[in-house]
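Structural features, examined
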Amino acid sequence: PETGDALNTQKTEFTVFPNPASDHLVVSHSVFGNGITNVRITDYQGRMVWSYDVEEGASHRLNVQLLSSSGFATGMYFVTVQNNEILETKKVMVVK
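Overview of the structure. The residue count restarts for each chain, going from 1 along the sequence in the order it is written. Restriction of local features to residues with pLDDT of at least 70 applies here, the model being predicted, together with a cutoff of 80 or more for giving and counting side-chain atom pairs; totals for whole chains, interfaces and linings are based on all residues. Only hydrogens and water are removed before side-chain values are computed, so all heavy atoms of the structure are retained for them.

**Observations regarding the pattern of salt bridges**
Salt-bridge detection follows one rule: a side-chain nitrogen of Lys or Arg within 4 Å of a carboxyl oxygen of Asp or Glu. Counting across every chain of the model gives one salt bridge. Among the salt bridges present, the one from Asp43 reaches Arg47, with a minimum N-O distance of 2.7 Å. The exposure class assigned to Asp43 is buried, which follows from its relative accessible area of 6%. Exposed residues in this analysis have more than 50% of their type's maximum accessible area, buried residues have under 20%, and partly exposed residues fall in between, with area computed by a 1.4 Å probe over protein chains only.

Structure, rendered in structure tokens:
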């Protein structure tokens, strides 16, 4: 997969807010590509703390997830959107 902004023919619209987050986190994405799209959050040590899959064909719609960040420790997290053709990651800080 390609990373960052070099996405050839694929398009992703991907936002994470607020940043920094304290009690909630919104992950909003619309990915145009093939296959199942996975959205995951990992901590700074690479441990997955949250993940979900968007079924193939549904990835052309806007998908919004409101998450409680109350169970997340203070620190840096990485939100990644990935399918067969794209890979994009954004950083978000959680503060208590």
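**A closer look at the nonpolar core**
In this structure, Leu25, Ile41 and Val79 are the most contacted members of the largest nonpolar core, which totals 16 residues. For the purposes of this entry, the term helix denotes a DSSP run of H or I that reaches at least four residues, the term strand denotes a run of E that reaches at least two, and both are numbered from the N terminus. Counting only elements with at least two residues in this core, the list comes to strand E2 (11-17), strand E3 (24-32), strand E4 (37-43), strand E5 (48-54), strand E7 (75-82) and strand E8 (86-94). For the purposes of this section, nonpolar cores are sets of buried Ala, Val, Leu, Ile, Met, Phe, Trp, Tyr and Cys residues that join through side-chain atoms within 4.5 Å.

**Quick look at unusual backbone geometry**
With an omega of -10°, the peptide bond running from Phe17 to Pro18 counts as cis. Here Pro18 shows up in the loop between E2 and E3.

**Re the side chain of Asn38**
As for its placement among the helices and strands, Asn38 is situated in strand E4. Polar contacts involving the side chain of Asn38 include one to the side chain of Asp53, which spans 2.8 Å. For this analysis, a polar contact is any N or O atom pair within 3.5 Å, provided that within protein one partner can donate a hydrogen and the other can accept it, and provided that sequence-adjacent residues contribute only side-chain to side-chain pairs.

**Structural notes on the pairing of E4**
Burial analysis of E4 places seven of its seven residues in the buried class, which makes it a mostly covered element. Of the two faces of E4, both are covered, the one formed by Thr37, Val39, Ile41 and Asp43 as well as the one formed by Asn38, Arg40 and Thr42. At least two DSSP bridges between two strands are needed for those strands to be called paired. Connecting E4 to the antiparallel partner E5 that follows it, the hairpin turn spans four residues, and Gly46 within it adopts a positive phi of roughly 85°.

**What about the environment of Lys91?**
In this structure, Lys91 sits in strand E8. For Lys91, a relative accessible area of 55% gives the class exposed. Discounting chain neighbours no more than four positions away, the residues touching Lys91 are Asn19, Met76, Tyr77 and Phe78. Two residues qualify as a contact provided that any one of their heavy atoms is within 4.5 Å of a heavy atom in the partner residue.

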